[in-house]
Amino acid sequence: PSIVTLISGRGSNFEAIVKTAQKEQWPVTFAGVIANHSAAKGLDFARSQGIPAFAIEHREHATRESFDAALMAKIDELGSDLVVLAGFMRILTPGFIRHFEGRLINIHPALLPAFPGLHTHERALEAGVAEHGASVHFVTEGVDEGPIICQASVPVLPGDDADSLAARVLAAEHQIYPRAVKWFLDGRLRIVGNQVQVQPPES
Ligand code: GRF
C-alpha cells in the first residue's frame, strides 16, 4: 500500500510515521509528501529519505476549490491508499473530503470532542482541565469531528504554559499516529456510524 502525506510545517508527525515504518519494516510506500508552501521544513526531511516532496502554494490559488483540485490531482497522480494529514493547517473542501473519505486521516492536538479548532493548548489551560491530549480521526466534512481512531491523554501539570503542554502532547502524537496508520494499513479499522472499531490482528 502507498501513503501520501500532507504537511504545512516541520512535519514531526510525518517523520515519526516514516521512522516507525522503517524500524518496523512496514510493507508500505511513501509515495510523496505535499506541503501547502515550499518553506515547510518537513519537505527537507522527505528529501533526506528519498521521498518525493512537492509544494502546492495555496497562495497561488484564487479559491479553496482550485487549491484542493490541484492537491487532489497530485495525490491521485502519486497514487495513495491512505492520505495522512500531519500538521496540515488548511481546511479542506467537501469535494476533496468526499473524494478521499474513508482513507483520509488527521491528528488533532486535543482530546476530541474537546477543543476542536485552533490554539487547543491555550484553551485547555484557560479551561483548567487536568488532562489534555491528541486524537487521530477520519476526516469528514465537519472540522475535527470525524470518527476517532485513537487518542492519547497527557496530564496538565502545575506551571505548564502552552509550549510545555504542546511539547508533552506532541510526544504523545508521535506515539499514536504511527499506530493508527499501521492499523489502517493492516485493514483493522472499521467505521460503524461515528465510531471506529479496531479489529483484532490477523490471527
Ligand atoms: C501538531 O500539534 C499537530 O497536532 C497539529 O500540527 C502540529 C504540528 O505537527 N496538527 P507537525 O510537527 O508538523 O507534524
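Parameters at a glance
Residues numbered from 1 in each chain as written. Predicted model: local features only at pLDDT ≥ 70, side-chain atom pairs only at ≥ 80, totals over all residues. Heavy atoms only, no water. UniProt positions renumbered as here; feature names shortened; annotations may be inferred. Helix = DSSP H or I, 4+ residues; strand = E, 2+ residues; numbered from the N terminus. Buried < 20%, exposed > 50% of the residue type's maximum accessible area, 1.4 Å probe, protein only. Contact = heavy atoms within 4.5 Å. Near = heavy atom within 4 Å. Polar contact = N/O pair within 3.5 Å; in protein donor to acceptor, adjacent residues only side chain to side chain. Core = buried A, V, L, I, M, F, W, Y, C linked by side-chain atoms within 4.5 Å.

A look at the UniProt feature "binding site: N(1)-(5-phospho-beta-D-ribosyl)glycinamide" (unreviewed entry) in the protein chain
- Taken from the UniProt record, the annotation "binding site: N(1)-(5-phospho-beta-D-ribosyl)glycinamide" (unreviewed entry) applies to Gly11, Ser12 and Asn13.
- Summarising the element assignment, glycine 11 is placed in the loop between strand E1 (2-7) and helix H1 (12-23).
- By relative accessible area, glycine 11 is classed as buried at 9%.
- Within the element layout of this structure, asparagine 13 appears in helix H1.
- We classify asparagine 13 as buried; its relative accessible area is 5%.
- Once residues within four sequence positions are removed from consideration, asparagine 13 is found in contact with Ala86, Ile107, Leu170, Glu173, His174 and Tyr177.

Focus on the site of the ligand
- Around the ligand, the neighbouring residues are Arg10, Gly11, Ser12, Asn13, Gly87, Ile107, Pro109, Leu170 and Glu173.
- Between the ligand and the protein, one listed contact pairs an oxygen atom with a backbone N or O atom of asparagine 13 at 2.8 Å.
- Here an oxygen atom of the ligand sits 2.8 Å away from a polar atom, N or O, in the side chain of glutamate 173.
- Among the elements of the structure, H1 and helix H6 (162-185) are those that each provide at least two residues to the shell around the ligand.

What about the UniProt feature "active site" (unreviewed entry) in the protein chain?
- The positions that UniProt labels "active site" (unreviewed entry) are, in the present scheme, His108.
- With respect to the helices, strands and loops of the structure, histidine 108 is situated in strand E5 (residues 104-108).
- With residues up to four places along the chain from it excluded, the contact list for histidine 108 reads Phe115, Pro116, Gly117, Thr120, Gly133, Ala134, Ser135, His137 and Asp144.
- Only 2.7 Å separates the side chain of histidine 108 from the backbone oxygen of phenylalanine 115, close enough to count as a polar contact.

A look at the nonpolar core
- Phe14, Phe30, Val84, Ile149, Tyr177 and Val181 are the most contacted members of the largest nonpolar core, which totals 43 residues.
- The greatest single-element share of this core, amounting to nine residues, is contributed by H6.
- Once you skip the residues sitting within four places of it in the chain, isoleucine 149 turns out to touch Ile105, Val136, His137, Phe138, Ala180, Trp183, Leu189, Val196 and Val198.
- Val4, Leu6, Phe96 and Ile97 belong to the second-largest nonpolar core, a separate cluster that totals 18 residues.

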